[in-house]
Amino acid sequence: MKSSTCFLLAVAFCLLLAVPASYANETVLIEDDLGRSINIGSPSERVVFTMENALKTYYAVGDPDNVVALKDDKWMRRLMEDVFPVVDPNFEDKILINITGDQLGLESLAKVDPDLVVLWASSPDDPNILAINDTLKVPVFAIYVTSLDDVYRQVDTMGIISGNTDRASEVKEIMEGYVELTTNVTDQIQESDRPGVFWMWTDIYGTAGVDSGINDLIDMAGGNNVMKLAEEEAQNLEHPVINQETLIKLNPDVIYMWYNEDLDPEDIINGEDFQGLRDINAVKNRRVYEISNPYLFDAFSPRMPLALLHVARDLHHDKFQDVDMNQTIDQYNVDIWGVHYPSMAKA
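Let me sum up the structure you'll find in this document. Since the structure is predicted, the reported quantities are computational estimates derived from the model, not experimental observations.

Concerning the overall build of the chain
Argument step 1. Across its full length, the chain carries 15 helices and 13 strands.
Argument step 2. Each principal axis of the C-alpha atoms in the chain carries an extent, and together these give about 90 × 45 × 35 Å.
Argument step 3. If you take every contact in the chain between residues at least 6 apart in sequence, the share linking residues at least 24 apart comes to 65%.
Argument step 4. In the form shown here, the chain has an accessible surface area of approximately 16500 Å², with 48% of it arising from carbon and sulfur atoms.
Argument step 5. One finds the centroid of the 25 positive side-chain charges in the chain at a distance of 3 Å from the centroid of its 59 negative side-chain charges.

Quick look at the structure:
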């Protein structure tokens, strides 16, 4: 009897050692994008996501069953048209967290009993962080992307949250490989051939400062952010807002619009509201472009390499004529999420 008991204990111990790291649950201390240290379970098993880009990253590395709820707004619901309901068949049923303005509904959060909430915040004093910490006593991980390095870091973070760091490393390698499709070309472009680019957020004169992820994107795509020529105070803001006079003075060769439901490039070129911009090089030469699909070309998610290629093709179309964008988009979605795009068929 004694020998059989020892044998069973030995077998149990070996099985314990054989459990993959991705399934071992432990408490870990991690730092969020605001520099806050938080204790979480790895893997966290009841995660709420209120940011689409972080959710995309998690779905690339983690178990969808550990996502218990999502923010209920039009942006999250638009992901129903994307690959993510294929990745997570229960996606629509998880859109449960009420939001009023920017304030998350604490009651709806409490009902799903999360062990971690992932949200966007630019300050540790964000009202949602304070309310969740004070009321629900649940750890909150703040996402705040200010560089493309933060996008890669987000992959590492989701690897820890999901308990699947090996897959996170794979995803980063895939992303880096696709980034090189662009940078192997744009790294060879001379400074004199790099157009000056004004990034136009939806508030029109709001743009990307020098210390921003979009500035990195412009540089890697073979352009120069014209905000490098602006006054130092405006340069150093993540989202500076300038006026029309300053934009005319900066005289960009290209205006690149973020997705705008109310305006198209043609409005900037010929619209009556923008007559004052007619002498800008970008307008005179009809070099106004737009990120027409903010989900497919989300630079602050694992789709950053696609956004980079999209921008680079507009800035230097002659150098990317041989790129089959549709095929690249499809294969990238297969490599990251295992789903074809736009057919939404499982690979």
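And the narrative resumes.
Focus on the packing of aromatic side chains
How two aromatic rings sit relative to each other is set out by the distance from centre to centre and by the angle between their planes.
Argument step 1. With the rule as written, the count across this model stands at 11 aromatic pairs.
Argument step 2. Geometrically, the ring pair formed by tyrosine 256 and tyrosine 289 is tilted, given 5.8 Å between the ring centres and 45 degrees between the ring planes. In this pair, tyrosine 256 sits in strand E12 (residues 254–257) while tyrosine 289 sits in strand E13 (residues 288–290), placing the two residues 33 residues apart along the sequence.
Argument step 3. Overall, tyrosine 289 belongs to the buried group, its relative accessible area being 19%.
Argument step 4. Counting every residue linked through ring pairs, the aromatic cluster contains Trp199, Trp201, Tyr256, Trp258 and Tyr289.

Some remarks on the sheet that holds strand E11 (residues 224–225)
Argument step 1. In spatial order, the strands read E11-E10-E12-E13; together these 4 strands make up an open sheet with parallel pairing. Two strands close off the open sheet at either side, each with one partner strand: E11 and E13.
Argument step 2. In the sheet, strand E10 (residues 196–200) pairs with E12 via 4 bridges, with the strands oriented parallel. Considered in E12, the bridge of tryptophan 199 is made with tyrosine 256.
Argument step 3. Along the sheet, helix H14 (residues 304–315) contacts E10, E12 and E13; its crossing angle with E12, the most-contacted strand, is approximately 150 degrees.

With respect to the sheet that holds strand E9 (residues 140–143)
Argument step 1. Taken in spatial order, the 5 strands of this open sheet run E5-E4-E3-E8-E9, and their pairing is parallel. Strands with a single pairing partner mark the edges of an open sheet, and in this sheet they are strand E5 (95–97) and E9. Neighbouring strand axes in the sheet, compared pairwise and without regard to direction, differ in orientation by 35 degrees on average.
Argument step 2. Where strand E4 (residues 67–71) lies against E5, 2 bridges are found, and the strand directions are parallel. If you follow leucine 70 over to E5, its bridge partner there is isoleucine 95.
Argument step 3. The strands that helix H2 (residues 52–61) touches are strand E3 (47–49), E4, strand E8 (116–120) and E9; relative to E4, the one it contacts most, it runs at about 155 degrees.

Notes on helix H15 (residues 325–337)
Argument step 1. Helix length check: H15, at 13 residues, gives a terminal C-alpha distance of 18 Å against a target of 18 Å (1.5 Å per residue), a fit within 8%.
Argument step 2. Buried positions along H15 lie against H2, helix H4 (84–87), helix H8 (165–186) and H14.
Argument step 3. The N-cap residue of H15 is aspartate 324: its side-chain oxygen and the backbone nitrogen of asparagine 326 are 3.3 Å apart.
Argument step 4. Looking one or two residues past H15, glycine 338 carries a phi angle of roughly 75 degrees, positive in sign.

Thresholds, definitions, all that
Residues numbered from 1 in each chain as written. Predicted model: local features only at pLDDT ≥ 70, side-chain atom pairs only at ≥ 80, totals over all residues. Heavy atoms only, no water. Helix = DSSP H or I, 4+ residues; strand = E, 2+ residues; numbered from the N terminus. Contact = heavy atoms within 4.5 Å. Areas by Shrake-Rupley, 256 points an atom, 1.4 Å probe, with all protein chains shown as cover. Lys, Arg positive; Asp, Glu negative; His and termini not counted. Charge placed at Lys NZ, Arg CZ, Asp CG, Glu CD. Phe/Tyr/Trp six-rings, centres within 6.5 Å; stacked < 30°, edge-to-face > 60°. Buried < 20%, exposed > 50% of the residue type's maximum accessible area, 1.4 Å probe, protein only. Pairing = 2+ DSSP bridges. Axes fitted to C-alpha atoms, helices over the stretch in contact; angles between N-to-C directions. Expected span 1.5 Å × (residues − 1). Polar contact = N/O pair within 3.5 Å; in protein donor to acceptor, adjacent residues only side chain to side chain.

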